[in-house]
Amino acid sequence: MSLVEKARAVQELFSELEEEAKTFHQEGGLGCLSGCGFCCSNPKVPASPLEFLPLAFDLESKGIADEIAKQLAMEEEPGSCVVYRKLSEDGKKGFCGNYSQRGLICRLFAASARRNQKSGKKELITCKPLKEERAEAYRIVSEKINDTMEIPMASQWYTRLSDIDDHLNQLYPINQAILLALELVLTYRFYTQEEERASL
């Protein structure tokens, strides 16, 4: 698979997850709090270059991939996601600056579950603010996902992502993952353009 084909395969996977997540949100009535950036402001969010290939191609098509890659390469300490737009001093309020091209980790949060290793029960993958502000809804959904309610299982989606390219699915802090995706796309475009010029 070429890099473009891998990006398309990731997008197809995301479209499928979107449908499952939508069904879960409709049935459970529980999703991320509006305007909350509690998770997005965390520079240690683990992500892979693979899940950010669609974002990297999108930024490249807009002519800003090189600029953002340079910005990320100059970071001395890992920062919060480069496409996150802070609306508060502490960064806990904000929004995604490229929501349609967000990564797998962003799509799974508050829309998927993992199994507790001791009890074997499904646990909703979510944050402290949601658990506290929507405590009753969280309790009800937690019971339902262990009864009849369907919910995407995070491990299955990561396995499917690995099936596209296991090497590119290695985890890094989010900005490092985005930088690696950008470097891959910029290199790919450079050599593609060189080949096109050579064939003229």
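For the structure itself, look to the data block above.
Quick summary incoming for the structure in this document. Just so it is clear, the structure is predicted and the values come from calculations on it, not from any experiment. (Residues numbered from 1 in each chain as written. Predicted model: local features only at pLDDT ≥ 70, side-chain atom pairs only at ≥ 80, totals over all residues. Heavy atoms only, no water.)

1. As for the overall build of the protein
(1) Moving on: When its secondary structure is counted, the protein shows eight helices and six strands.
(2) Moving on: Ordered by position from N to C terminus, the α and β elements of the protein give α-β-α-α-β-β-α-β-β-α-α-α-β-α.
(3) Moving on: Here the C-alpha radius of gyration of the protein, 18 Å, is about what a compact globule of 200 residues would show, namely 16 Å.
(4) Moving on: Taken over the C-alpha atoms alone, the protein extends approximately 65 × 40 × 30 Å along its principal axes.
(5) Moving on: In the protein, which comprises 200 residues, the share counted as buried stands at 44%.
(6) Moving on: Taking all contacts inside the protein whose residues are at least 6 apart in sequence as the whole, residues at least 24 apart take part in 76%.
(7) Moving on: Taken as a whole, the protein presents about 11,600 Å² of accessible surface, with 50% of it coming from carbon and sulfur.
(8) Moving on: When the 25 basic and 31 acidic side-chain charges of the protein are each reduced to a single mean position, those positions are 6 Å apart. (Helix = DSSP H or I, 4+ residues; strand = E, 2+ residues; numbered from the N terminus. Rg over C-alpha atoms; globule rule 2.2 N^0.38 Å. Buried < 20%, exposed > 50% of the residue type's maximum accessible area, 1.4 Å probe, protein only. Contact = heavy atoms within 4.5 Å. Areas by Shrake-Rupley, 256 points an atom, 1.4 Å probe, with all protein chains shown as cover. Lys, Arg positive; Asp, Glu negative; His and termini not counted. Charge placed at Lys NZ, Arg CZ, Asp CG, Glu CD.)

2. Focus: the packing of helix 1 (residues 3-28) against helix 7 (residues 154-164)
Helix packing geometry: the angle between the two helix axes and the distance between the axes.
(1) Moving on: Packing of helix 1 against helix 7 leaves a shortest axis separation of 10 Å and a crossing angle of 165°. Here helix 1 lies roughly antiparallel to helix 7, going by the angle between them. As for how helix 1 packs across helix 7, the hand of that crossing is right-handed. Contacts from K6, A9, V10, L13, E16, L17 and E20 of helix 1 reach helix 7 at W157, R160, L161 and I164.
(2) Moving on: In the contact of helix 1 with helix 7, the residues fall into seven nonpolar, no polar and four charged. (Axes fitted to C-alpha atoms, helices over the stretch in contact; angles between N-to-C directions. Parallel < 35°, antiparallel > 145°, perpendicular 65-115°, else oblique. Left-handed = near helix turned anticlockwise from the far one by under 90°. Nonpolar A, V, L, I, M, F, W, Y, C, P; charged D, E, K, R; others polar.)

3. Describing the packing of aromatic side chains
(1) Moving on: Within this structure, the stated rule accounts for two aromatic pairs.
(2) Moving on: Both rings, one in F190 and one in Y191, keep their centres 5.2 Å apart while their planes meet at 80°; by these two values the pair is edge-to-face.
(3) Moving on: In this structure, R102 packs its charged tip against the face of Y99, placed 3.8 Å from the ring centre. (Phe/Tyr/Trp six-rings, centres within 6.5 Å; stacked < 30°, edge-to-face > 60°. Lys NZ or Arg CZ within 6 Å of the ring centre and 35° of its normal.)

4. Details of the pattern of salt bridges
(1) Moving on: Counted according to the given criterion, the structure contains eleven salt bridges.
(2) Moving on: Counted as one network, the salt bridges with shared partners bring together E18, R102 and R107. (Salt bridge = Lys/Arg side-chain N within 4 Å of Asp/Glu carboxyl O.)

5. Topic: the side chain of S41
(1) Moving on: Inspection of the secondary structure puts S41 in the loop between helix 1 and strand 1 (46-47).
(2) Moving on: S41 sits in the buried class, given a relative accessible area of 15%.
(3) Moving on: A distance of 3.1 Å separates the side chain of S41 from the backbone oxygen of F38, its partner in a polar contact. (Polar contact = N/O pair within 3.5 Å; in protein donor to acceptor, adjacent residues only side chain to side chain.)

6. Describing helix 3 (residues 65-73)
(1) Moving on: Along helix 3, the residues classified as buried are A65, I68, A69 and L72. The buried residues of helix 3 occupy one face: seen down the axis, they fall within an arc of 100°. Facing away from the buried surface of helix 3 by more than 90 degrees, the exposed residues are E67 and K70. (Arc of directions from axis to C-beta.)

7. Quick look at the nonpolar core
Considering soluble globular proteins, one finds that nonpolar side chains tend to be buried as a cluster.
(1) Moving on: Within the largest apolar cluster, 41 residues are counted, with the highest numbers of intra-cluster contacts made by L53, I178 and L182.
(2) Moving on: It is helix 1 that contributes the most residues to this core, eight residues altogether.
(3) Moving on: Residues in contact with L182, not counting those within four places in the same chain, are A56, L59, A65, I68, A69 and L72.
(4) Moving on: If you look at the next biggest cluster of nonpolar residues, it comprises 15 residues, including L30, A113, L130 and M153. (Core = buried A, V, L, I, M, F, W, Y, C linked by side-chain atoms within 4.5 Å.)

8. Looking at helix 7
(1) Moving on: Regarding helix 7, the residues found buried are A154, W157, L161 and I164. What you see down the axis of helix 7 is that its buried residues fit within an arc of 70°, all on one side. Exposed and facing more than 90 degrees away from the buried side of helix 7 are S155 and D163.
(2) Moving on: Residues of helix 7 that are buried sit in contact with helix 1, helix 4 (104-108) and strand 4 (113-115).

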